[in-house]
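Listed below are the residues making up each chain.
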Amino acid sequence: MKLKNIAILFFLFLIIISCKKQNNKQVPVRGLITEKAMVVSARAEASKIGKQILAQGGNAFDAMMATDLALAVAYPYAGNLGGGGFMVYRLNNGEIGALDYREKAPLAATKNMYLDSLGNIIPELSTRGAMAVGVPGTVAGVFEAQKKFGILPIESIIKPVINLAKKGIVVTKKQEARFTEKREDFLKTNKDTILFAKHWKAKDTIVQNNLANTLSAIMKNGPDEFYKGTSAKILAKFIQENGGIITEKDLASYKANWRTPITFNYDDLKIISMSPPSSGGIAMAQILKSVESFNLSKLGHNSTEFIQVLAEAERRAYADRSFYLGDPDFIKIPQSKLISDAYLKDRMKNFSFEKATPSSTVSHGNVDIIESDETTHYSIIDQFGNAISVTTTLNSGYGSKLYCEELGFFLNNEMDDFSSKPGVPNVYGLIGAEANAILPEKRMLSSMTPTIVEKNGKLLMSVGTPGGSTIITSVLQTILNVHEFNMTMQEAVEAARFHHQWLPDEIRMEPNRFNKKTIKSLEKKGYIINEERSPVIGIVDGILVWPDGTLEGGADSRGDDAADGF
């Protein structure tokens, strides 16, 4: 009897231990799950409007126009009419493509326009005010995509955005902090006090009637309103009155360009990403193909060895970026060589787990990279199975800080993404070479990396992020988080991130998110760790297609980002 009781107690003990283990086991954290369609963007209002367009029977390209324009209303920090961007798409039949609506240099631009008589860069000329502005491409881009693939009338797409501008957006805590941070710049740059220079607080409502009027004119007259109509005349006059060089002719001659995306395989994934003048696709291909032979999942997520392998591949890719990449309409890019297996194997041949490879020993060590962190991204998968990935920007937060009150929007400072002086870093520390020198009508180099991923021929993911030079590394780490470490989309976008961009020769890490032993181990091997430079690395938004066909939206909590769908 006693033995029987002991056996029963022992059995119960095993059950309790087993349950405890189960309870301690980390339950996967998922983002919003929907069955048919999903939009993930930087603001809930924009995601909601995008979803509404899909629910009305529109497709991903209709929702693209609505979401993009809604971000111009709800997220003026990076959403825009006065900027530009890139879009990668995959149709439900497997067809892929890319759209480049990046800003261009004005016709009057010159190679040395930001240098003084001694050849030194004039402070802030390429970053703040009218001389920093490139010819905007956003309006052309969203109309071009919708014209080719959209199915809804323009009026039904833009009306909800106009209503949002008239009704007003509610200021979030993060927005309040950004308005406060940039207020002095707004006042310094603009002749008059502008709408966004007021002391806005969280929960205030900002009504944008002038922007609503501009959107109404664009809805009525199409993209010609922005590039050739009354709005174009107002915009060109405003820029010139503020000391800029963009003319009506610059606006009238702007065109969005269809491009062939960069495609490459990593393991059993096919990755489809943006081609030049974005460096994103080529650089990501270089990095991922360079590390493919390593067993990353065995090395462990964010382990010393994992960080080493990626950082060294990143170091080499960013050195190549600075030297070879620019606008393909102006320079010849050795694209196939840069992502060839033989070339990448040779690039990694001096890698060692024992010590860091100094950037000074990696080719083209006389240039550095700079690019703004303040971009925005959105991903959409519609109920028909079409997917798009879009990254759009004003460059710095609120762009040039120059605000056209009459039209209701900020203008970009994308001219800073050119190499104002080859070998001198831009605002993001990125160095450029002659390939990215300023020329009239040339598009400036970008790191934007809107990306779509297939697995075994089926759609797996749409993903992208803001983050300037850290965009490329943020996107590829998110893909690896899902593929190598079996994370959900939400877990993948939330995970701690790191970044190496060749120069400066350091690994940037999000502060207080990495194991201190790992940091010490890396430092012993000769790596410089910087936890101050990038408190946030990327604000990733993505959509993952689960094996059962459901969609998971990953909206990064580093921002006010939100997923919506049905």
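Residues numbered from 1 in each chain as written. Predicted model: local features only at pLDDT ≥ 70, side-chain atom pairs only at ≥ 80, totals over all residues. Heavy atoms only, no water.

Remarks on the UniProt feature "active site" (unreviewed entry) in the protein
Part 1 of the reasoning: As recorded in UniProt, the sites labelled "active site" (unreviewed entry) are Thr375.
Part 2 of the reasoning: Mapped onto the fold, threonine 375 is located in strand β10 (residues 375-381).
Part 3 of the reasoning: For threonine 375, the contacting residues outside a window of four places in its chain are Ala78, Thr391, Thr392, Thr393, Asn395, Met448, Pro466, Gly467 and Ile471.
Part 4 of the reasoning: Here threonine 393 takes part through its side chain, which lies 3.2 Å from a polar atom of the side chain of threonine 375. (UniProt positions renumbered as here; feature names shortened; annotations may be inferred. Helix = DSSP H or I, 4+ residues; strand = E, 2+ residues; numbered from the N terminus. Contact = heavy atoms within 4.5 Å. Polar contact = N/O pair within 3.5 Å; in protein donor to acceptor, adjacent residues only side chain to side chain.)

Considerations on the UniProt feature "binding site: L-glutamate" (unreviewed entry) in the protein
Part 1 of the reasoning: In this numbering, the UniProt entry assigns the feature "binding site: L-glutamate" (unreviewed entry) to Arg102, Thr393, Leu394, Asn395, Asp417, Ser446, Ser447 and Gly468. The annotated residues occupy 367 residues of the chain but converge on a single region, no pair of C-alpha atoms lying more than 14.4 Å apart.
Part 2 of the reasoning: Looking at the element boundaries, threonine 393 is found in strand β11 (residues 387-393).
Part 3 of the reasoning: Its relative accessible area of 2% is what places threonine 393 among the buried residues.
Part 4 of the reasoning: Note that aspartate 417 resides in the loop between β13 (409-410) and β14 (451-455).
Part 5 of the reasoning: For aspartate 417, the side chain forms a polar contact with the side chain of arginine 102, separated by 2.8 Å. (Buried < 20%, exposed > 50% of the residue type's maximum accessible area, 1.4 Å probe, protein only.)

A short note on the packing of aromatic side chains
Part 1 of the reasoning: Evaluation of the coordinates by the stated rule reveals 25 aromatic pairs.
Part 2 of the reasoning: Cluster of aromatic residues (ring-pair linked, three or more members): Tyr75, Tyr77, Phe179, Phe186, Phe196, Tyr398, Tyr403 and Phe410.
Part 3 of the reasoning: The positively charged end of lysine 148 is found above the aromatic ring belonging to tryptophan 258, 4.3 Å away from the centroid. (Phe/Tyr/Trp six-rings, centres within 6.5 Å; stacked < 30°, edge-to-face > 60°. Lys NZ or Arg CZ within 6 Å of the ring centre and 35° of its normal.)

Some thoughts on the sheet that holds strand β3 (residues 84-90)
Part 1 of the reasoning: In spatial order, the strands read β7-β4-β3-β11-β10-β2-β21; together these seven strands make up an open sheet with antiparallel pairing. Looking along the sheet, the strands with just one partner apiece sit at the ends: β7 (257-259) and β21 (562-565). For this sheet the average axis-to-axis angle between neighbouring strands, irrespective of direction, equals 15°.
Part 2 of the reasoning: In the sheet, β3 pairs with strand β4 (residues 96-101) via six bridges, with the strands oriented antiparallel. Paired with tyrosine 89 across the two strands is glycine 97, which belongs to β4. (Pairing = 2+ DSSP bridges. Axes fitted to C-alpha atoms, helices over the stretch in contact; angles between N-to-C directions.)

Observations regarding the pairing of strand β8 (residues 262-266)
Part 1 of the reasoning: A one-sided burial pattern is seen for β8, the buried positions being Ile262, Phe264 and Tyr266 and the unburied ones Thr263 and Asn265.
Part 2 of the reasoning: If you look at the hairpin formed by β8 and strand β9 (residues 269-273), you'll find two residues sitting between the two strands, and aspartate 267 has a positive phi there, around 60°.

Focus on the packing of helix α3 (residues 60-74) against helix α4 (residues 138-149)
Each pair of packed helices gets described by two things: the angle between the helix axes and the distance between those axes.
Part 1 of the reasoning: The contact between α3 and α4 brings their axes to 8 Å, and the two run at 160°. Here α3 is positioned roughly antiparallel relative to α4, judged by the angle of their axes. Once α3 is placed against α4, the crossing between them reads as left-handed. In this structure, α3 uses Phe61, Asp62, Met64, Met65 and Asp68 to contact α4, whose residues at the interface are Thr138, Gly141, Val142, Phe143, Ala145, Gln146 and Phe149.
Part 2 of the reasoning: In terms of residue class, the contact of α3 with α4 is made up of seven nonpolar, three polar and two charged. (Parallel < 35°, antiparallel > 145°, perpendicular 65-115°, else oblique. Left-handed = near helix turned anticlockwise from the far one by under 90°. Nonpolar A, V, L, I, M, F, W, Y, C, P; charged D, E, K, R; others polar.)

Examining the nonpolar core
Part 1 of the reasoning: Counting 84 residues, the largest nonpolar core has Leu81, Met87 and Ile388 as its most contacted members.
Part 2 of the reasoning: For this core, the element with the highest residue contribution is α3, accounting for 12 residues.
Part 3 of the reasoning: Apart from the residues lying within four places of it in its own chain, the contact partners of leucine 81 are Leu69, Ala72, Pro136, Thr138, Val139, Leu211, Thr214, Leu215, Ile218, Phe226 and Phe409.
Part 4 of the reasoning: The next biggest cluster of nonpolar side chains, apart from the first, holds 79 residues, and it includes Ile272, Leu344, Leu459 and Ile519. (Core = buried A, V, L, I, M, F, W, Y, C linked by side-chain atoms within 4.5 Å.)

Structural notes on the pairing of strand β19 (residues 541-545)
Within a regular beta strand, the side chains point alternately toward one face of the sheet and then the other, so they alternate between its two faces.
Part 1 of the reasoning: Judged by how many residues are buried, β19 sits mostly within the fold: five of five residues are covered.
Part 2 of the reasoning: On β19, burial covers both faces: Asp541, Ile543 and Val545 on one face and Gly542 and Leu544 on the other are all buried.
Part 3 of the reasoning: Inspection of the sheet shows strand β15 (residues 458-464) paired to β19 by four bridges, in the antiparallel sense. Each bridged residue has a counterpart across the sheet, and for serine 462 the counterpart in β19 is isoleucine 543.
Part 4 of the reasoning: In the sheet, β19 pairs with strand β20 (residues 551-555) via five bridges, with the strands oriented antiparallel. Bridge assignment links valine 545 to a residue of β20, and that residue is leucine 551.

Comments concerning the sheet that holds β20
Part 1 of the reasoning: As summarised here, the arrangement of the seven strands in space is β1-β20-β19-β15-β14-β9-β8, forming an open sheet in which the pairing is antiparallel. The open sheet terminates on both sides in strands that have one partner only, identified here as β1 (32-34) and β8. Averaged over all neighbouring strand pairs, the angle between strand axes comes to 20°, with direction disregarded.
Part 2 of the reasoning: Contacting β8, β9 and β14, helix α11 (residues 280-291) crosses the sheet at an angle of about 15° to β8.
Part 3 of the reasoning: Each of β8, β9, β14, β15 and β19 touches helix α16 (residues 471-483); the most contacted strand, β15, lies at about 140° to it.

Focus: the pattern of salt bridges
Part 1 of the reasoning: Going through the model one piece at a time under the given rule, you end up with 30 salt bridges.
Part 2 of the reasoning: Between aspartate 564 and lysine 51 there is a salt bridge, with its nearest N and O atoms 3.5 Å apart. Within this pair, whereas aspartate 564 is found in strand β21, its partner lysine 51 is found in helix α2 (residues 44-55), the two being separated by 513 residues in sequence.
Part 3 of the reasoning: A relative accessible area of 22% means that lysine 51 is categorised as partly exposed.
Part 4 of the reasoning: A salt bridge links lysine 104 to glutamate 441; its shortest N-O distance comes to 3.7 Å. (Salt bridge = Lys/Arg side-chain N within 4 Å of Asp/Glu carboxyl O.)

Describing α11
Part 1 of the reasoning: Over its 12 residues, α11 runs 17 Å from end to end, which matches the ideal 16 Å to within 8%, given 1.5 Å per residue.
Part 2 of the reasoning: Most of α11 is tucked away: 11 of the 12 residues are buried. (Expected span 1.5 Å × (residues − 1).)

Describing unusual backbone geometry
Part 1 of the reasoning: Cis peptide bonds are those with omega within 30 degrees of zero, and the linkage from proline 276 to proline 277 qualifies with 20°.
Part 2 of the reasoning: Take proline 277: it is sitting in the loop between β9 and α11.
Part 3 of the reasoning: Positioned with a positive phi, lysine 401 is a non-glycine residue whose angle comes to about 70°.
Part 4 of the reasoning: For lysine 401, the location among the structural elements is in the loop between β11 and β12 (403-404).
Part 5 of the reasoning: For tryptophan 502, which is not glycine, the phi dihedral falls at a positive 80°.
Part 6 of the reasoning: Counting through the fold element by element, tryptophan 502 comes out in the loop between β16 (498-499) and β17 (507-509).

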